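The residues making up each chain are set out below.
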Amino acid sequence: MTGSLTVVGLGPGAPELTTPAVSMALREATDLVGYDTYLARVPETETGQRRHSSGNRVETERARQALQLAAEGRSVALISSGDPGVFAMAAAVFEAIEKGDAAWRALDVRVQPGVTAMLAAAAHAGAPLGGDFCAISLSDNLKAWATIEQRLEAAARGDFVIALYNPASRARPEQLGRALELLRQRKAPETVVVYVRAAGTSEMKLSVTTLGATDQPDADMRTLVVVGSSATRIIPRDGAPPWVYTPRSEEARA
Ligand code: SAH
């Protein structure tokens, strides 16, 4: 019997933002592998699926475990939140395949996309990603902080809308403050900054401010931060959160 491995993304939180293709892959799997919090979001089936849960910081081991189970003939679903290819498990699987057992290259490995946090957050705020944008993770677990600073500088120079993933964690509360300070030195004070916490869930919280405002960054591990381009605009509304959008057309740049 040949096994398979499907790397799936559950989306940002609400069950209706999990795609039907992902739900089908989850139902058909004999084994689910993932971080406890994500496994808890997957409904139990009546077919006696095996669940292999693990802590958050052991991605490489989890990818190898999933490949090993598939090599033993199991149908495995490996679970990420959001999209599995965005700062998540799909890349960990290919890293493990490249370095691991040559037989793993013959396995049926697939990636099923999901709604990444950036898209759910942007949709909640309006349309801040309406122009050219980029995504940067502020986590320096897997890359040097100096690299992150270079990318932020380049993004500021290119006047991209910037989506910041992993803006802060318990271990690294100061990352976002440092990133915003760097951007403040390079972009106009009226540049729009949007924080969306728990996007795509019932606990969603939106706050809209500017780079020049002196308020404390309002972010934790479940927050996605969008820093606008020079074109990004706010539409204020009475008694309702403002809309934020980036127009599709732009003036020629100097
Ligand atoms: N694969 C995931 C991202 C993993 S990195 C995806 O595609 O969404 C983890 C970071 O994603 C968090 O620190 C946070 O910045 C962001 N994130 C994940 N879920 C989120 C949510 N529901 N709301 C806001 N940000 C979220």
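Residues numbered from 1 in each chain as written. Predicted model: local features only at pLDDT ≥ 70, side-chain atom pairs only at ≥ 80, totals over all residues. Heavy atoms only, no water.

1. Focus on the nonpolar core
- Counting residues in hydrophobic clusters, the biggest one holds 20 residues, and the most contacted among them are I136, L138, L152, I162, L164 and L183.
- Contributions of two or more residues to this core are made by β7 (133–137), α6 (145–157), β8 (161–165), α7 (175–184), β9 (192–197) and β11 (223–227).
- Sequence-distant contacts of L164, defined by excluding residues within four places in its chain, comprise I136, L138, L152, L176, T223, L224, V225 and V227.
- One finds L5, V76, A90 and A92 within the second-largest nonpolar core, a separate group that totals 18 residues. (Core = buried A, V, L, I, M, F, W, Y, C linked by side-chain atoms within 4.5 Å. Buried < 20%, exposed > 50% of the residue type's maximum accessible area, 1.4 Å probe, protein only. Helix = DSSP H or I, 4+ residues; strand = E, 2+ residues; numbered from the N terminus. Contact = heavy atoms within 4.5 Å.)

2. Some thoughts on the environment of L206
- Looking at the element boundaries, L206 is found in strand β10 (residues 205–210).
- C-alpha separation for the pair L206 and P241, spaced 35 residues apart in sequence, amounts to 7.9 Å.
- Leaving out residues up to four positions away in the same chain, L206 has contacts with H124, A125, V194, Y195, V196, P241 and P242.

3. Thoughts on the site of the ligand
- Residues in close proximity to the ligand total 19 residues, the closest being V86, T116, A199, M221 and T223.
- One nitrogen or oxygen atom from the main chain of D83 is found 2.8 Å from an oxygen atom belonging to the ligand.
- The separation between a nitrogen atom of the ligand and a polar main-chain atom of V86 is 2.8 Å.
- Burial of the ligand by the protein amounts to 90% of the accessible area it has alone, namely 550 Å².
- Classifying every residue of the shell around the ligand by side-chain character gives 12 nonpolar, five polar and two charged. (Near = heavy atom within 4 Å. Polar contact = N/O pair within 3.5 Å; in protein donor to acceptor, adjacent residues only side chain to side chain. Areas by Shrake-Rupley, 256 points an atom, 1.4 Å probe, with all protein chains shown as cover. Nonpolar A, V, L, I, M, F, W, Y, C, P; charged D, E, K, R; others polar.)

4. Notes on the packing of aromatic side chains
- Taken as a whole and assessed by the stated rule, the structure comprises two aromatic pairs.
- On the numbers, 5.1 Å between centres and 85 degrees between planes, the contact of Y35 with Y38 is edge-to-face.
- On the numbers, 5.0 Å between centres and 65 degrees between planes, the contact of F87 with Y165 is edge-to-face. With F87 in the loop between β4 (75–80) and α4 (89–99) and Y165 in strand β8, the pair connects residues that are 78 residues apart, well separated along the chain.
- Over the ring of W243 we find R237, and its NZ or CZ is 3.7 Å from the ring centre. (Phe/Tyr/Trp six-rings, centres within 6.5 Å; stacked < 30°, edge-to-face > 60°. Lys NZ or Arg CZ within 6 Å of the ring centre and 35° of its normal.)

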